[in-house]
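# A structural walkthrough
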Amino acid sequence: MTLDRYSRQQLFRPIGEQGQEKLKKKHVLLIGCGALGTSSAEQLVRGGVGKVTIVDRDYVEWSNLQRQQLFTEEDAGRRMPKAKAAEKKLKKINSEIDIQGHIMDVQREELETLIEGVDVVLDGTDNFDTRMLVNDVCQKHSVPWIYGGCVGSHGMSYTIIPQETPCLQCLLQSVPIGGATCETAGVISPAVQMVTAHQVTEALKILVEDTQALTGRFITFDLWNHHYTKMKVDRAKREDCTSCGKHPSYPYLLPEHQTKTAVLCGRDTVQIRPPYKIDRDLNEVRAVLTDGHIEQNPFLLSYHKEDRRMVFFKDGRVLIHGTKDVTEARNWYHQILG
Ligand SMILES: [Zn+2]
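For every chain, the first residue of its written sequence is number 1, and the numbers climb from 1 along that sequence. Only residues with pLDDT of at least 70 get local features here, since the model is predicted, and only at 80 or more are side-chain atom pairs given and counted; chain-wide, interface and lining totals rely on the full set of residues. Side-chain measures here rest on the full set of heavy atoms in the structure, leaving out hydrogens and waters.

## Some points on the overall build of the protein chain
Quick note on the threshold: Here a helix means four or more residues in a row that DSSP labels H or I, a strand means two or more in a row labelled E, and each is numbered from the N terminus. Radius of gyration here uses only the C-alpha atoms, and the compact-globule reference equals 2.2 Å multiplied by the residue count raised to the power 0.38. The contact rule is simple, with two residues in contact once any of their heavy atoms fall within 4.5 Å. Here, Shrake-Rupley sampling with a 1.4 Å probe gives the accessible areas, and only protein chains in the shown set may cover a residue. Positive charges are assigned to Lys and Arg, negative charges to Asp and Glu, while His and the chain termini are left out of the count. By convention, the point assigned to a charge is CZ for Arg, NZ for Lys, CD for Glu and CG for Asp.
Helix and strand counts for the protein chain come out as 11 helices and 14 strands. Since a compact globule built from 338 residues should have a radius of gyration of about 20 Å, the 20 Å found for the protein chain is in line with a globular shape. If one aligns the C-alpha atoms of the protein chain with their principal axes, the spans along those axes are about 65 × 50 × 40 Å. Considering only residue pairs separated by 6 or more positions, the protein chain has 64% of its internal contacts joining residues 24 or more positions apart. Entry remark: accessible area of the protein chain is about 16300 Å², with carbon and sulfur atoms responsible for 50%. The averaged location of the 44 negative side-chain charges in the protein chain is 3 Å from the averaged location of its 43 positive side-chain charges.

Structure, rendered in structure tokens:
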């Protein structure tokens, strides 16, 4: 390592040499590696956070390149899984960091394993099902997590500290959090950067153990219209909250919340998960496909026929593009996989 790699960050007094040493020993888990995830990951890795784990279930598409900063045209052309494309790029940026990319749709079991030894979780997801799961797991394991979301030129962020602040479940009862439904309004890159600027700054405060400096406010902004608000939400914390209250039941960790089939937010896409863990041999899938257009890389196989496209992952998941109809998607799935 060149000695001055982190010099500018160490000169920043709240971090200093001591803070930098702390960062080296810390572990951040990023859920989702789209716009928010790639931006946060790059900042954390450049800043010298010792270990960064990235989880994402999707692959790179051309429409991602406008704002998902770690990806290239080659990644989109080859449909590289985001977790692996990001891992590769981040290792080139900073070879000193332990970077783990997992191609995975996080559910309870995966998340409860991944969270071990993690110091803070950053939200880079695009859907509330996953956020509520993250909220429950973080409460159960007492790990702070930082919510983030954006749409259009508008964004929001909030830092959730177990046993101290209200959790996402509490907030949903009292704060009008836009984006609780699937959004298709588009997004500009500066809104992404503004959200991750808040998320990563808050994460750094937690990682260097300067928790006094945390905002404690729910931040919302609209860059196009120059609005910025900081909302005090302490009173939103509920004693009877099922996630952070006196007698939590962690509802999102219950088996009935473990979805096998999901319509992906804002897209004509259905995801089907097999009911149990499998290691799918992509060559076997390829063997049963007699016509249509097939593309394959080491991680997935994409099959295109007429106006539908199916993407098979090695972990058994299939993404079915061209429909929002779960029954129709299941029919296509069974036509091919029996
Ligand atoms: Zn709560």
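## With respect to the coordination of the zinc ion
Spelled out, the test is: Shown as donors are all N, O and S atoms within 2.8 Å of a metal ion, widened to 3.2 Å for Na, K and Ca; because water is not in the atom set, sites may appear incomplete. Four donors are marked tetrahedral only if all angles between them lie between 85 and 135 degrees, whereas four are marked square planar and six octahedral if opposite donors are more than 155 degrees apart and the other angles lie between 65 and 115; the remainder are marked irregular. Any residue under 20% of the maximum accessible area for its type is buried, any over 50% is exposed, and the rest in between are partly exposed; the area is computed with a 1.4 Å probe on protein chains only.
For the zinc ion, the full set of protein donor atoms is Cys167 (SG), Cys170 (SG), Cys241 (SG) and Cys244 (SG), and the range of their distances to it is 2.2 to 2.3 Å. Because the angles between the 4 donor atoms bound to the zinc ion fall within 98 to 123°, the donor set is best described as tetrahedral. Taken in sequence order, the residues that donate to the zinc ion follow the motif C-x2-C-x70-C-x2-C. With cysteine 167 in the loop between β6 (154-160) and α8 (168-174) and cysteine 244 in the loop between β8 (227-232) and β9 (261-263), the pair connects residues that are 77 residues apart, well separated along the chain. Assigned by exposure class, cysteine 167 and cysteine 244 land together as buried.

## Points about the sheet that holds strand β14 (residues 318-321)
Think of a sheet as strands paired side by side through backbone hydrogen bonds, with each pair either parallel or antiparallel. Operational definition: Strands are labelled as partners when DSSP assigns at least two bridges between them. For every element, the axis is a line fit to its C-alpha atoms; helices are fit only across the contacting stretch, and the angle between N-to-C directions ranges from 0 to 180 degrees.
Within the open sheet, the 6 strands sit side by side as β9-β10-β14-β13-β12-β11. Their pairing is antiparallel. At either end of the open sheet lies a strand with only one pairing partner, and these are β9 and β11 (293-296). This sheet shows a mean twist of 15° between the axes of neighbouring strands, independent of strand direction. Pairing of β9 with strand β10 (residues 269-272) involves 3 bridges; the strand directions are antiparallel.

## Quick notes on a positive patch on the surface
Spelled out, the test is: Candidate patch residues must exceed 30% relative accessible area and have no salt bridge, after which like charges are joined if within 9 Å and Val, Leu, Ile, Met, Phe, Trp or Tyr side chains if within 5 Å. Basic side-chain nitrogens of Lys or Arg form a salt bridge, by our definition, when they fall within 4 Å of a carboxyl oxygen of Asp or Glu.
Positive charge collects at one region of the surface, where Arg78, Lys88, Lys89 and Lys92 lie side by side. Residue placement: arginine 78 occurs in the loop between α4 (73-77) and α5 (82-93). A relative accessible area of 39% means that arginine 78 is categorised as partly exposed.

## Thoughts on unusual backbone geometry
With a phi close to 50°, arginine 79 is a non-glycine residue in the positive phi region. Along the chain, arginine 79 turns up in the loop between α4 and α5. Accessibility expressed as a relative area gives 15% for arginine 79, which makes it buried. Residue histidine 226 is not a glycine yet carries a positive backbone phi of 55°. As for its position among the elements, histidine 226 is in the loop between β7 (217-222) and β8.

## Overview of the nonpolar core
This is how it is decided: Among buried residues, those of type Ala, Val, Leu, Ile, Met, Phe, Trp, Tyr and Cys that are joined through side-chain atoms within 4.5 Å constitute a nonpolar core.
If you look at the biggest cluster of nonpolar residues, it comprises 35 residues, and the most contacted ones within it are Val121, Tyr147, Ile177 and Phe218. Every element with two or more residues in this core is listed here: β1 (27-31), α6 (108-114), α7 (128-140), β5 (145-151), β6 and α8. If one sorts the elements of this core by residue count, α7 sits on top with 6 residues. Among residues more than four places away in sequence, those in contact with valine 121 are Leu29, Ile31, Ile115, Val134, Cys138, Val143, Pro144, Trp145 and Ile146. Core analysis: the next-biggest nonpolar cluster, separate from the first, contains 34 residues, Val45, Phe71, Ala76 and Val208 among them.

## Overview of the packing of helix α3 (residues 35-46) against helix α9 (residues 189-207)
As a reminder, the rule being used: Here the word oblique covers every angle except those under 35 degrees (roughly parallel), over 145 (roughly antiparallel) and from 65 to 115 (roughly perpendicular). With the far helix as reference, a near helix turned anticlockwise by less than a right angle produces a left-handed crossing, and one turned clockwise produces a right-handed crossing. For this classification, the nonpolar set comprises Ala, Val, Leu, Ile, Met, Phe, Trp, Tyr, Cys and Pro, the charged set comprises Asp, Glu, Lys and Arg, and every other residue, Gly included, is treated as polar.
The N-to-C vectors of α3 and α9 enclose an angle of 50°; their axes lie 9 Å apart at closest approach. It follows from the interaxial angle that α3 and α9 lie oblique. In the packing of α3 onto α9, the handedness of the crossing is right-handed. The residues of α9 that touch α3, namely those facing Ala35, Leu36, Ser39, Ser40, Gln43 and Leu44, are Val192, Gln193, Val195, Thr196, Gln199 and Val200. Classifying every residue of the contact of α3 with α9 gives 6 nonpolar, 6 polar and no charged.

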